[in-house]
Amino acid sequence: MKRKNKHMIVTGVVLMIFMLLNAVFAGLYTVAMADDWYDEEAGYYTILDDAGKELTMMARQIFKDDEYISGDNKHYVINKVDKKGKKATAKYLGDVKLPELELQVDSAIYTAAQQGDKGNILLYCTHSDESYVPSDGTPSKKGSGGIFDVAESFKSSLDNHGINAVLDKTPHDPHDAGAYRRSRQTAVQLIKKHMPVTAVFDIHRDAVPVEGYKFSINGENVTKVRIVLGGRNQNKQANQELAYKIKAVADKAYPGFIKDIYIGRGAYNQELSPRSLLFEVGTYENDKEAAKRSTKYLADVVAKSMYGGTVTSNPGTPQERRYTAKPIGQQKKQGGGRGVMWVIIFVIVGAVVYLFLSSSGRELREGFSGRKRK
């Protein structure tokens, strides 16, 4: 009876340990899957610097320690959030050093096809209802938002660069806090079906006033593009490397086109694959045709960032400069490796604890204790 009681105690302890581990994983998962901000009424946060100057506006939940890279490449960290007043303040950390482009010495232009790249760039839309009011007549069209037209245009522009682009138009309605959980399944299936994967892009449109997104390139009416990164996943380093390279190329080719970069608390499904980014193409007050035109330039920047090519700044002027954008480095897998490593460590620790506490480990404990006494 005494032995049976001991076994029950050991079993109870082991179950408690595994419940604690599950709670830890559940907590980490909840943070990683943090979704956009949703209130009863639509709105947005205004982010200010320490002097009270407006930096930008965000139609998503803002958290302390989120990071913001401005259009002029200044790095800030959120240090205070006023949820009631929908304001946040950010501390200036310094200027971001983007990857350098070399002055062009020849006119060689590289494409994905010329490089023999067989990987796929995967596209999907988490918020499948997002639409453009001037063109679609509404900010939201359930299951068939205007955002799909923009994503389709982006796919065609990537195809024109010899890139294998795949667009999935699965709807993920409603536009609520569970949208990313639903789109996660789409992303997982896309990755499984279209290996090898070069990059995964989630296409959105913003929900802030239009002034911050109005833009023109060579006299053509387009929209700016914001890049959003998930700050809490093992792929952050690889994703940030790509985001910075895209910003560097765009700053030379189309200065001001990449509006800014936001690094938020959520993962936005970017833990599924390195080189995963979220693009905000314009806002709901932009004309959809302007957003579609933007994808031509976004595809050009992405192609040159990932595969290399000629980048021309100030075309047609005496100050014209030609640069070489080298292909981005080999995909770093250390982030994913770290995630798997921690899972293995937890499993091993759990197994060792179980062995040490279980009746089958009694001889090991007694043997150890006996040697110690000797």
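What you are looking at is a predicted structure, and each value in this text was computed from that prediction instead of being measured.

Rules used in this analysis
Residues numbered from 1 in each chain as written. Predicted model: local features only at pLDDT ≥ 70, side-chain atom pairs only at ≥ 80, totals over all residues. Heavy atoms only, no water. Helix = DSSP H or I, 4+ residues; strand = E, 2+ residues; numbered from the N terminus. Contact = heavy atoms within 4.5 Å. Areas by Shrake-Rupley, 256 points an atom, 1.4 Å probe, with all protein chains shown as cover. Pairing = 2+ DSSP bridges. Axes fitted to C-alpha atoms, helices over the stretch in contact; angles between N-to-C directions. Buried < 20%, exposed > 50% of the residue type's maximum accessible area, 1.4 Å probe, protein only. Polar contact = N/O pair within 3.5 Å; in protein donor to acceptor, adjacent residues only side chain to side chain. Expected span 1.5 Å × (residues − 1). Phe/Tyr/Trp six-rings, centres within 6.5 Å; stacked < 30°, edge-to-face > 60°. Right-handed = clockwise from strand over helix to strand, strands pointing away. Parallel < 35°, antiparallel > 145°, perpendicular 65-115°, else oblique. Left-handed = near helix turned anticlockwise from the far one by under 90°. Nonpolar A, V, L, I, M, F, W, Y, C, P; charged D, E, K, R; others polar.

Engineer: Help me get a handle on the overall build of the protein, residues and values and all.
Structural biologist: Helices and strands together make up the secondary structure of the protein, namely eight helices and 16 strands. Excluding contacts between residues fewer than 6 apart, the proportion of contacts in the protein whose partners are at least 24 apart in sequence is 71%. Split by element, the accessible area of the protein, about 18900 Å² in all, is 55% carbon and sulfur.

Engineer: Any details on the sheet that holds strand β15 (residues 309-313)? Residues and values, ideally.
Structural biologist: Judged by pairing direction, the sheet is antiparallel, and its three strands sit side by side in the order β6-β16-β15 without closing on themselves. Each having just a single partner strand, β6 (102-103) and β15 make up the two edges of the open sheet. Relative to strand β16 (residues 321-325), β6 is paired through two bridges, and the arrangement is antiparallel. If you follow L103 over to β16, its bridge partner there is Y323. Across the face of the sheet, helix α5 (residues 236-253) comes into contact with β15 and β16 while running at roughly 50° to β15.

Engineer: How would you explain the pairing of strand β7 (residues 120-124) if you had to name every residue and give the values?
Structural biologist: β7 sits mainly inside the fold: five of its five residues count as buried. The two faces of β7 match: N120, L122 and Y124 on one face and I121 and L123 on the other face are all buried. Both β7 and strand β9 (residues 197-206) contribute to a ladder of five bridges, which runs parallel. From the neighbouring strand, L122 faces β9, where its bridge partner is V200. Bridge count between β7 and strand β8 (residues 164-167): four bridges; the pairing is parallel. Paired with L123 across the two strands is L167, which belongs to β8.

Engineer: Give me the lowdown on the environment of K169, citing residues and values where you can.
Structural biologist: In this fold, K169 is placed in the loop between β8 and α4 (179-193). Sequence-wise, K169 and A151 are 18 residues apart; in three dimensions their C-alpha atoms are separated by 9.1 Å. Beyond its immediate chain neighbours, meaning those up to four positions away, K169 contacts F148 and E152. Engagement of the side chain of K169 in a polar contact is seen with the side chain of E152, the distance being 3.2 Å.

Engineer: Pulling in residues and values, what's your account of helix α6 (residues 288-307)?
Structural biologist: Residue pairs three or four apart in sequence face the same way in an α-helix, which turns once every 3.6 residues. Over its 20 residues, α6 extends 28 Å from the first C-alpha to the last, a length consistent with the 28 Å expected when each residue adds 1.5 Å. Counting buried positions along α6 yields 16 of 20 residues, so the element is predominantly enclosed. At the N-terminal boundary of α6, the capping side chain belongs to D287, with an oxygen 2.7 Å from the backbone nitrogen of E289. Within two residues after α6, G308 carries a phi angle of roughly 90°, on the positive side.

Engineer: An account of the packing of aromatic side chains is needed here, citing residue identities and associated values.
Structural biologist: All chains considered together, the criterion is met by 11 aromatic pairs. Between Y254 and F257, the aromatic rings sit 6.2 Å apart at their centres with planes inclined by 80°, giving edge-to-face as the arrangement. Under the relative-accessibility criterion, Y254 is labelled buried at 14%. We classify F257 as buried; its relative accessible area is 0%. Ring geometry for Y254 against Y297: centres 5.1 Å apart, planes inclined by 75°, an arrangement best described as edge-to-face.

Engineer: Please set out the sheet that holds β7 residue by residue, giving values where relevant.
Structural biologist: The strand order β2-β1-β5-β4-β3-β13-β12-β14-β9-β7-β8 describes an open sheet built from 11 strands, whose pairing is mixed. In the strand order of this sheet, the two ends are held by β2 (54-58) and β8, each with one partner. When the angles between neighbouring strand axes are averaged without regard to direction, this sheet yields 25°. Pairing between strand β3 (residues 67-69) and strand β13 (residues 258-264): three bridges, direction antiparallel. Looking at β13, one finds that Y68 is bridged to Y262.

Engineer: Quick rundown of the pairing of β13? Include the residues and the values.
Structural biologist: The element β13 is largely enclosed, with a buried count of seven among its seven residues. Here strand β12 (residues 225-230) runs beside β13; their pairing, made up of six bridges, is parallel. Counted as the bridge partner of G230 is G264 from β13. The β-α-β motif built from β12, the intervening α5 and the parallel element β13 has right-handed crossover chirality.

Engineer: Could you give an account of the packing of α5 against α6, with specific residues and numbers?
Structural biologist: Taken N-terminus to C-terminus, the directions of α5 and α6 make an angle of 120°; their axes are 9 Å apart at the nearest point. Judged by the inter-axis angle, α5 sits oblique to α6. In this structure, the crossing between α5 and α6 has a hand that is right-handed. Judged by residue contacts, L242, K245, I246, V249 and A250 of α5 engage V301, V302, K304, S305 and M306 from α6. A per-class count over the contact of α5 with α6 returns seven nonpolar, one polar and two charged.

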